[in-house]
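So the chains spell out like this:
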Amino acid sequence: MTITLDIRQETDAALYMDLLLLADPSEAMIMDYLADGTLHVAKWDSVVVGVFVLVPLGDGILELKNIAVAEEWQGKGVGRALVEAAIAEAQGQGATRLEVGTGNSSLRQLAFYQKAGFRMQRIAKNYFMLNYPDPIVENGIPCRDMVVLSLDLVGESQ
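No experiment lies behind these values; they were computed from the predicted model shown.

Draft legend 1. Inspection of unusual backbone geometry at higher detail. One non-glycine residue, Asp-45, adopts positive backbone phi at about 55°. Mapped onto the elements, Asp-45 comes out in the loop between strand S2 (38-44) and strand S3 (47-58). Residue classification places Asp-45 among the exposed positions, given a relative accessible area of 62%. Of note in the backbone geometry, Asn-139 takes a positive phi value of approximately 55° without being a glycine. Along the chain, Asn-139 turns up in the loop between strand S7 (137-138) and strand S8 (141-142).

Laid out in structure tokens, this is it:
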């Protein structure tokens, strides 16, 4: 099933903070990367169903820094539509690669990004332990490391 969303760039992050916090538990971190990135909000029939943030890293690389789907809309194709929109936006900006980072304990997200064509690139050891004041535990696993995945937007190396 393909879901059609109205996705637009927004500037008032405070209106969407509850959604952003679903993907990142630190409002301070969110505000920090929003200073360099762009917030995109997805609506279906005027209902906000998801968000994502793109942050330029330089050298033609963008990072999908936060992608979140409203809980009642999860499992309905919104996440996939958001990733496709992020890829299209990155390509429209002339990016050659899109990266995304997620926790070592984020099993669903690791599967989700790989199904979308992303490949594991590197591990940022102790990222969550060094950057978040409170311990994060998902699926009974301490979230310590960030797994960085990437998608080449040019060529056929996907």
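Draft legend 2. Layout of the side chain of Asp-24. Relative to the elements of secondary structure, Asp-24 occurs in the loop between helix H1 (17-23) and helix H2 (27-34). Despite its burial, Asp-24 remains without a salt bridge, the nearest opposite charge being carried by Lys-65 at 6.8 Å. A polar atom in the side chain of Asp-24 sits 3.0 Å from the backbone nitrogen of Ser-26. Looking at Asp-24, its side chain comes within polar contact range of the side chain of Tyr-132, at 2.9 Å. Here Asp-24 is in contact with Met-29, Ile-30, Tyr-33, Asn-66 and Tyr-132, once residues within four sequence places are set aside.

Criteria and cut-off values
Residues numbered from 1 in each chain as written. Predicted model: local features only at pLDDT ≥ 70, side-chain atom pairs only at ≥ 80, totals over all residues. Heavy atoms only, no water. Helix = DSSP H or I, 4+ residues; strand = E, 2+ residues; numbered from the N terminus. Buried < 20%, exposed > 50% of the residue type's maximum accessible area, 1.4 Å probe, protein only. Lys, Arg positive; Asp, Glu negative; His and termini not counted. Salt bridge = Lys/Arg side-chain N within 4 Å of Asp/Glu carboxyl O. Polar contact = N/O pair within 3.5 Å; in protein donor to acceptor, adjacent residues only side chain to side chain. Contact = heavy atoms within 4.5 Å.

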